[in-house]
Amino acid sequence: MEKANRLGEFLRARRARVSPSEVGLPHGGMRRVPGLRREEVASLAGLSIDYYARLEQGREQHPSASVLNALGRALRLGADAQRYLFAVATPGPAPATARVHRQVGANLLALVDEWPHHPAVIIDRCATIVAANQLGRAMYAGHRHSDNLARLLFVDEDGRTFFRDWTKVATASVAAIRASATLDPDDAELMALVGELSVRSAEFSRLWSKAEVREKTSDSFQIRHPQVGDLDLVFESLRPNGSPDLLLRIYRAEPASSTAEALAVLGSLTADQTVMPQIEDPGSSAATTTHYGVDH
């Protein structure tokens, strides 16, 4: 993808989502654009209209931290969106950890494999499953894009039936993909995934244009598994060893529930499967794929 004016795109998208009433302004009758006007954002942030216009147009590329904080308040950004604002406004060299060969530690793999009653997966910043325990692999198995949760959602023919609350999951997933870009907004592999999904899925493109930024940390999760039927789960997401590149997601069912029973059945059906040390993403080229291995 061509290098874009990411700051301007983000500011335009976010001001379109703030209504005048949210910030104590009169609606002002007919508006040509949804949300706030440029001059309203400038006034709320204590900036001149000309300076704010230059920020949106990409002609001003060195806003101070105080300006960015003021814009965050004016646009009512949450913590994840504020971090993203700083990332796109103050670009620098990509962090050394962003494109190196990453390792999934053997201890971590052994740990998740020892949770027989809880599906667990380890995903990278592009939503590719790079490791999983038996139930984690079994939970997502059987689809064309079982290895990548973003492609499973938006381009797999099974996506809308597998995810029972598809709209909720899709909205949260797009916001999480943008949050992943906070580390490096120009990350080639991540931007290639965004470009691919934008072309292949009109719904992804629509959600991406909203510029929501939010990590997926904890939520409910409902799927329709092809072998054991409906599963009602909750999950927690953790970053092992504080890694910005990997996310450990652990799912659980209420004890003695129908979902817990279904997971037990799924476990028995897949008892011969072991921990998955690595999945290669067939949708990525060799030039851009990040390879994860087992660190012995």
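One structure accompanies this document, and this report is about it.

Definitions and limits used
The numbers attached to residues start from 1 for each chain and follow its sequence in the written order. For a predicted model such as this one, the threshold for reporting local features is a pLDDT of at least 70, and the threshold for listing and counting side-chain atom pairs is 80 or more; totals across whole chains, interfaces and linings nevertheless cover every residue. Values shown for side chains rest on all heavy atoms present in the structure; no hydrogens or waters enter the calculation. Categorising residues by exposure relies on relative accessible area from a 1.4 Å probe, with only protein chains included: less than 20% of the type maximum marks a residue as buried, more than 50% marks it as exposed, and the intermediate range marks it as partly exposed. Helix and strand assignments come from DSSP, with helices taken as H or I runs of at least 4 residues and strands as E runs of at least 2, each series counted from the N terminus. Note on pairing: DSSP must find at least two bridges between two strands before they are called paired. Residue contacts follow a heavy-atom distance rule, with two residues in contact if any of their heavy atoms lie within 4.5 Å. For this analysis, a ring pair means two rings from Phe, Tyr or Trp (six-membered ring only for Trp) whose centres lie within 6.5 Å, classed as stacked if their planes differ by under 30 degrees, edge-to-face if by over 60, and tilted for the remaining angles. Two conditions define a charge sitting above a ring: the NZ of Lys or the CZ of Arg must be within 6 Å of the ring centre, and it must be within 35 degrees of the ring normal.

## Comments concerning the pairing of strand β2 (residues 120-124)
Alright, step 1. With five of five residues buried, β2 lies mostly within the body of the structure.
Alright, step 2. Pairing geometry for β2 and strand β6 (residues 246-252), over five bridges, is antiparallel. Paired with Ala120 across the two strands is Ile250, which belongs to β6.
Alright, step 3. Note that β2 and strand β3 (residues 129-132) share three bridges and pair antiparallel. Pairing of Val121 across the sheet is with Ala132, part of β3.
Alright, step 4. In this antiparallel pair of consecutive strands, β2 and β3, the connection spans four residues, and Ala127 shows a positive phi of 65 degrees.

## Topic: helix α5 (residues 79-89)
Alright, step 1. Judged by how many residues are buried, α5 sits mostly within the fold: eight of 11 residues are covered.
Alright, step 2. The set of residues buried in α5 consists of Asp80, Ala81, Gln82, Tyr84, Leu85, Ala87, Val88 and Ala89.
Alright, step 3. In this structure, the buried residues of α5 make contact with α1 (6-15), α4 (65-74) and α10 (166-180).

## Some thoughts on the environment of Asp113
Alright, step 1. Residue position: Asp113 is located in helix α6 (residues 106-113).
Alright, step 2. For the pair Asp113 and Gln134, spaced 21 residues apart in sequence, the C-alpha separation works out to 6.8 Å.

## Brief notes about the packing of aromatic side chains
Alright, step 1. Applying the stated criterion to the full structure yields 12 aromatic pairs.
Alright, step 2. Centre to centre, the rings of Phe221 and Phe235 are 6.3 Å apart; their planes meet at 85 degrees, and the pair counts as edge-to-face. Here Phe235 lies in strand β5 (residues 229-238) and Phe221 lies in strand β4 (residues 218-225), a separation of 14 residues in the sequence.
Alright, step 3. Measuring from centroid to centroid gives 5.2 Å for Phe221 and Tyr251, while their planes differ by 45 degrees, and the two rings are tilted. With Phe221 in strand β4 and Tyr251 in strand β6, the pair connects residues that are 30 residues apart, well separated along the chain.
Alright, step 4. Each member of the aromatic cluster is reached from another via a ring pair, and the members are Tyr140, Phe162, Phe163, Phe221, Phe235 and Tyr251.
Alright, step 5. Arg160 extends its terminal NZ or CZ atom over the ring of Trp166, reaching a point 3.6 Å from the ring centre.
Alright, step 6. The positively charged end of Arg178 is found above the aromatic ring belonging to Trp208, 3.8 Å away from the centroid.

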